[in-house]
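Structure at a glance
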Amino acid sequence: MILNRPLLILLALMMVLSQGSVLARDTTIVLKFIDKAKELHKKGKPDSAEYYFNQANRLSKVIGHDNGRLAFLGNYSVFLYEQLRYEEALSFAQQSLELSMKLGNRARAAAAYNNISLQLQAMGKLEDAAKNLVKGLEISSSIKKPSNRDLSDRRKYYNNLSSLMLDLNDVKKGLEYAWESHKLAQRLNDTLAMGRSLVNIVVAEAMSRDFGSAERHAVRLKEIALKYGDVQMEIKAHNNLGDIYRMQKKYTESLRSFRKAASLLSPEFPGNEVYVLSGMSSVNKDMGNFSIAEGYFHRAMELGKEQLPKPQLLELYLSGSEIKEGIGKFREALELRKMYRSLADSLKDRETHRSIQELELKYRTMEHRRSIAERDLMIAEQNTVLERNSKWVTVSISIAVLLAWGIMFIRIVGNQKRKRLELDYERYLLEAQLNGEETERARTARELHDGVASVLSAAKIRIYNAAVTGREKKALPEIGELIEVAVREIRNISHNLAPEFLLREGLACAVESFCHRINGNGLSIDFYLIGDIPRFERTVELTLYRTVQETVTNMVKHSGATEGIVQLEANGSVLRITVEDNGVGFDKNNPPRKGLGLSGLASRVSNLGGTIEIRSSPGKGTTIYIEICSVQ
């Protein structure tokens, strides 16, 4: 049978429409699989969720549905991240970025950069995490008319940038970005998103010791979690409350909060138990229950090696070192301290900090310029309307010229102010150094006057009395003893002025000898030497010795400490000096005005091209960390 041409065309059209209907139905199924997987994950059924994710992936590949596969890649990488499978999550996030770029989907590319950043941050690669997160923010900020979904994504990016800044202990910027994230959540009227932003706000406020505000926001976080049945958010609220109470020494309330968090734990949501165990360990440590704290610590360590992001693992090492030291296991404490220092050096390297701060500053500058450009564009459009309807073109041009001159003037003034501040700071360092040297001279003069001079005066009086009374022989032993005391005083002063060991044996021997001389009178100072300390130029060694001498003298005079540590560690061309005590400490935000000589210490180290970091808080002792590169 021969079909006519119109009938053939009709049949072909019906087949195409039928195929299109099947394709549309299949693409819809891909999205339904993803939604089902997300729902099951939220209910705490990760195995079932992963099954539906895999079904969505398989079907999207079969039908060549790129947008469906893109949705799968983004959501699946988030799922893997929450299951602590960071390597796998990173791989799928990178695939998502590649496909987003291919499809020209800028919003999904920004989300992919954010997901990549999350995995890198958890793996301790903070600089790479910052680079990817800033790229995501740049793309998101360039969207001229963002949808609610775009704004919701941007809120996540700000919250993640807040978390990154907090990992770097930049509390001010961490709090700033957390509030920007919260403002976007308020704009979207998304209460759950507000809760997720509140987590970082609570952490930042606790780190800055604003406990009243931190507690109020943590309680609000718990209320949101209960209202929406978000168990993970409720666990975070109780954990944060536990830490806030612990930092205020409200140990009963702290333990109650951590136990409440423990009662909500579920194997379907990994990664929460280690925070509870770590919190319980810290509370018992602060209470002095070191044996109980050690039990919780070991359980936390077993989970932490697998589940904790590296920045959080750092805090666990430090806490464990303090616990081991508290129960007298000093070797284990030292090993944990070394692990802490090694991880801290890799995560908080100064070059990494500087690079991340530069990235953040570039992003802020870019946003500022974009806002100026948008404002200028709006002004230009208004000027166009004015040109059509009025004769005020000249006035508009004059205003623009004045604005330009104003900006240039502000920039010139700003540069001059910055240079003036730099000169003031250099002058301040020089004055601090001179004051330190003058203080050292005054101290030596006092020692000579109060010690040697007074002893010799006593000897002189004894000699005179013996001569007058004719009892020279009887007075000789007493006079000899006084002269011996004077000789010892002079020897001690000469050791301090130009240590014999320093000139003959080098810095390590001189510092060790000084620590041994200081020991006693209720203060025990341990000296540790790690590695082979290289020889420096004589002036450099003398300056470093004076610096250690000054810090230990501060410890003796001001800290009220019973135990202290002086450690010299050489690693290649880098020398690290650590001086730590268990004394009363002080508030870094309001340091003592006199007595400690902190500015003098800073100027000495700065003049050698080194860096100094002082950590202290009331009741928790003081740690001074100095780092300098040796030049052979």
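Residues numbered from 1 in each chain as written. Predicted model: local features only at pLDDT ≥ 70, side-chain atom pairs only at ≥ 80, totals over all residues. Heavy atoms only, no water.

1. Section: the overall build of the protein chain
So the rule is basically this: Every helix listed is a DSSP run of H or I at least four residues long, and every strand listed is a run of E at least two residues long, numbered separately from the N terminus. Accessible area is worked out with a 1.4 Å probe on protein chains only. A residue is then buried under 20% of its type maximum, exposed over 50%, and partly exposed in between. When checking whether two residues touch, look at their non-hydrogen atoms; a contact exists if any pair is within 4.5 Å.
Across its full length, the protein chain holds 23 helices and 5 strands. Relative to its full complement of 632 residues, the protein chain shows a buried share of 42%. For the protein chain, restricting intrachain contacts to residue pairs at least 6 apart in sequence, the fraction spanning at least 24 positions comes to 64%.

2. Quick notes on the pattern of salt bridges
The following threshold applies: In the sections that follow, a salt bridge refers to a side-chain nitrogen of Lys or Arg positioned within 4 Å of a carboxyl oxygen of Asp or Glu.
Following the criterion strictly, the structure yields 17 salt bridges and no others. Between arginine 246 and aspartate 286 there is a salt bridge, with its nearest N and O atoms 3.0 Å apart. Taken together, the positions of arginine 246 in helix H11 (residues 231–247) and aspartate 286 in helix H13 (residues 273–287) put the pair 40 residues apart, joining distant regions of the chain. What makes arginine 246 buried here is its relative accessible area of 16%. Judged by relative accessible area, which is 28%, aspartate 286 ranks as partly exposed.

3. A short note on the pairing of strand E2 (residues 563–571)
Operational definition: Pairing between two strands is assigned when DSSP locates at least 2 bridges connecting them. When the strands point away from the viewer and the path from the first strand over the helix to the second turns clockwise, the crossover is right-handed.
Relative to E2, strand E1 (residues 524–530) runs parallel, the two being bridged by 7 bridges. Residue serine 524 lies in a different strand from E2, and its bridge partner there is glutamate 563. Traced from E1 through helix H22 (residues 538–559) to E2, the parallel crossover comes out left-handed. As judged from the 8 bridges shared by E2 and strand E3 (residues 574–581), these two strands associate in the antiparallel manner. Within E3, the residue paired with leucine 568 across the bridge is isoleucine 577.

4. What to know about the nonpolar core
Rules: Nonpolar core, defined: a set of buried Ala, Val, Leu, Ile, Met, Phe, Trp, Tyr and Cys residues in which side-chain atoms within 4.5 Å join the residues together.
Core analysis: the largest hydrophobic core is formed by 31 residues, its most contacted members being Val511, Leu544, Val566, Leu568, Leu575 and Ile577. Looking at this core, the elements that each hand over two or more residues are helix H21 (507–518), E1, H22, E2, E3, helix H23 (598–607) and strand E5 (622–629). Look past the residues within four positions of leucine 544 in its chain and what remains in contact with it is Leu507, Phe536, Leu575, Ile577, Leu608 and Ile628. Counting 29 residues, the second-largest nonpolar core is a separate cluster that includes Ala110, Leu120, Leu137 and Tyr158.

5. So, the environment of isoleucine 628
The residue isoleucine 628 is located in strand E5 in this model. On the basis of relative accessible area, isoleucine 628 is assigned to the buried category, the value being 5%.

6. Notes on H22
Here is the rule: Expected helix span is taken as 1.5 Å per residue step, with the number of steps being one fewer than the number of residues.
Here H22 contains 22 residues, and its C-alpha end-to-end distance of 30 Å stays within 8% of the 32 Å for a straight helix at 1.5 Å per residue. Immediately beyond the C-terminal end of H22, within one or two residues, lies glycine 560, with a positive phi of roughly 65°.

7. A word on the confidence of the model for the protein chain
Condition: Per-residue confidence from the predictor is reported as pLDDT, a score between 0 and 100.
In this model, the protein chain carries an average pLDDT of 77, and 74% of its residues clear a pLDDT of 70 or more. A low-confidence stretch, residues 8–24 stays under pLDDT 50, and its non-local contacts, those more than four residues away or across chains, total 3 contacts.

8. Some details on the packing of helix H3 (residues 66–82) against helix H4 (residues 86–103)
Note the threshold: Working convention: axes come from line fits to C-alpha atoms, limited for helices to the stretch in contact. Angles between N-to-C directions cover 0 to 180 degrees. By definition in this entry, angles of less than 35 degrees are roughly parallel, angles greater than 145 are roughly antiparallel, angles of 65 to 115 are roughly perpendicular, and the rest are oblique. For any pair of crossing helices, the crossing counts as left-handed if the nearer helix is rotated counterclockwise from the farther one by less than a right angle, and right-handed if it is rotated clockwise. Lys, Arg, Asp and Glu make up the charged group, whereas Ala, Val, Leu, Ile, Met, Phe, Trp, Tyr, Cys and Pro make up the nonpolar group; the residues left over, Gly among them, are polar.
Interhelical geometry of H3 versus H4 gives an angle of 155° and a closest axis separation of 8 Å. The angle between H3 and H4 places the two elements in the roughly antiparallel class. The hand of the H3/H4 crossing is left-handed. Contacts from Asp66, Asn67, Arg69, Leu70, Phe72, Leu73, Gly74, Tyr76, Ser77, Leu80 and Tyr81 in H3 reach Tyr86, Glu88, Ala89, Phe92, Ala93, Gln95, Ser96, Leu99, Ser100 and Leu103 in H4. For the contact of H3 with H4, a count of residues per class yields 12 nonpolar, 6 polar and 3 charged.

9. Here's the deal with the packing of aromatic side chains
Quick note on the threshold: Between 30 and 60 degrees the pair is tilted, below 30 it is stacked and above 60 it is edge-to-face, where a pair is any two Phe, Tyr or Trp rings, Trp via its six-membered ring, whose centres lie within 6.5 Å.
Applying the stated criterion across every chain, the model contains 12 aromatic pairs. On the basis of an interplanar angle of 90° and a centroid distance of 6.0 Å, the ring pair of phenylalanine 72 and phenylalanine 92 is categorised as edge-to-face. On the criterion of sequence distance, the pair formed by phenylalanine 72 in helix H3 and phenylalanine 92 in helix H4 is long-range, its members being 20 residues apart. Residue phenylalanine 92 is classed as buried on the basis of its relative accessible area, which comes to 19%. Each member of the aromatic cluster is reached from another via a ring pair, and the members are Phe53, Phe72, Tyr76, Phe79 and Phe92.

10. Describing the sheet that holds E5
Strand order in the open sheet formed by 5 strands is E1-E2-E3-E5-E4, with mixed pairing between adjacent strands. In this open sheet, the two edge strands, each paired with only one partner strand, are E1 and strand E4 (611–616). Averaged over all neighbouring strand pairs, the angle between strand axes comes to 10°, with direction disregarded. Two strands pair when backbone bridges link them, and E3 and E5 are joined in this way by 8 bridges, in the antiparallel orientation.

11. Considerations on the packing of helix H8 (residues 171–188) against helix H9 (residues 191–207)
The description of two helices packed together rests on the angle between their axes and the distance between the axes. It is at 8 Å that the axes of H8 and H9 come closest, and there the two elements cross at 160°. Classed by the angle they form, the pair H8 and H9 counts as roughly antiparallel. The crossing of H8 and H9 is left-handed. Counted together, Val171, Leu175, Ala178, Trp179, Ser181, His182, Ala185 and Gln186 of H8 and Ala193, Met194, Ser197, Leu198, Asn200, Ile201, Ala204, Glu205 and Met207 of H9 form the full contact between these two elements. Across the contact of H8 with H9, the residue classes break down as 11 nonpolar, 5 polar and 1 charged.

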